Amino acid sequence: MRILFTALLSFVCFAVEAQYYWNESFEAPYDLNRSHFKIDTTTYHHNIWQIGAPHKTVFSTAYTAPNVIITDTVNHYPVNDTSVFTIYHTYYYTYMFSINFMYKMDIDSGVIAKMEISGDNGLNWINPMRQDTTYQFYWGWTKPRLDTSELTWQNYQLNMSPWVNAYAGGPDTFPHYRTSDTIMFRFTFISRSTTSGRDGWIMDNFYLENAIMEGSVKTVLNNDILSIYPNPSKGNFYYQSTTNSPEASIVVYDMTGRAVYTRDNLQSGGYLNLPLPNGNYTLRYTSGEYYALKKLVIIN
């Protein structure tokens, strides 16, 4: 029996050095209080995405039993079909931001299977398979394939930290920036006018990670409180803050989210000598109830 409904996923937040993450393996019961996951049956009336146990020729078991999300739990995908589901993730500022899931593909030539990302409420969509270099995305494992059959479980692991923390006018230039507190992930499956009885696309064990190293004190982002220059530099920067808190501090993170430099009890202005390798970094300046984020580029 088809199980076709809007699935409501739980968003789990654990305060371990303020780490936030969301995960879903499609096992009941679902959290009915938060709508993070939607199968679009309004625009796509014949949407074949379903949640349930797979009973197909190739896709007969879940990665974590019993349930998955799949292009129909029983039937082969039909011809000339477009089916879509979307994950809506509330964003908390993080130095690490990545999405992970397991998947298999059993498709005919010409089928389109894609995951796209939007940081501006669906106004613009990014296809990481084609635009990973443009947006400085990087892959945790070998770059996956969504254009060919993969009959064993594959790991899709994408880190989006540089893009999600960027802003217009900052040191990193992207075609589009995150302007919303909600990150959207849209999964689309499009079949052609012929099919040879294939099983389609199956996914399981979604995991979306935010990692914040800010303790339990809530602060407010205000990038205007800090200026830093020259940027790029060889590691020598001058900073100036409009605040004057005796507890001001700086933490510098590399692109993996690892803290590589810390300094406490800062004055409102001064010099930083960062003995770090060439690369892009994120500087977090915290002063009282405010914090600022600046991208640093070191070129020796």
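Preceding this paragraph is the structure being described.
Residues numbered from 1 in each chain as written. Predicted model: local features only at pLDDT ≥ 70, side-chain atom pairs only at ≥ 80, totals over all residues. Heavy atoms only, no water.

Caption draft 1: Spotlight on the overall build of the chain. Looking only at helices and strands, the chain features 2 helices and 20 strands. For the chain, contacts bridging at least 24 residues in sequence account for 70% of all contacts bridging at least 6. Carbon and sulfur atoms make up 50% of the accessible area of the chain, which totals about 14,100 Å². (Helix = DSSP H or I, 4+ residues; strand = E, 2+ residues; numbered from the N terminus. Contact = heavy atoms within 4.5 Å. Areas by Shrake-Rupley, 256 points an atom, 1.4 Å probe, with all protein chains shown as cover.)

Caption draft 2: Broad picture of the environment of Thr194. When you line up the elements, Thr194 lands in the loop between strand E11 (182-190) and strand E12 (200-211). Residue Thr194 is classed as exposed on the basis of its relative accessible area of 57%. Note: C-alpha distance between Thr194 and Gly110 (84 residues apart in sequence) is 9.6 Å. Leaving out residues up to four positions away in the same chain, Thr194 has contacts with Val79 and Asp108. (Buried < 20%, exposed > 50% of the residue type's maximum accessible area, 1.4 Å probe, protein only.)

Caption draft 3: Region of interest: the pattern of salt bridges. This model, assessed by the stated rule, comprises 6 salt bridges. Here Arg198 ties to Asp108 by a salt bridge, and the two come within 3.5 Å at their closest N and O atoms. Here Arg198, found in the loop between E11 and E12, pairs with Asp108, found in the loop between strand E7 (96-106) and strand E8 (112-118); they are 90 residues apart in sequence, far enough to count as distant. Looking at Arg198, the relative accessible area reads 30%, which means it is partly exposed. The residue Lys114 makes a salt bridge to Glu116 at a minimum N-O spacing of 3.9 Å. Judged by relative accessible area, Glu116 falls into the buried class, the value being 9%. Linked by salt bridges that have partners in common, Asp106, Asp108 and Arg198 make up one network. (Salt bridge = Lys/Arg side-chain N within 4 Å of Asp/Glu carboxyl O.)

Caption draft 4: Just the sheet that holds strand E3 (residues 37-39), in detail. If you walk across this open sheet you meet the 4 strands as E3-E6-E11-E8, and the pairing is antiparallel. Strand pairing shows two members of the sheet lacking a second neighbour, E3 and E8, which therefore form its edges. Sheet twist, expressed as the average angle between the axes of neighbouring strands with direction ignored, equals 15°. (Pairing = 2+ DSSP bridges. Axes fitted to C-alpha atoms, helices over the stretch in contact; angles between N-to-C directions.)

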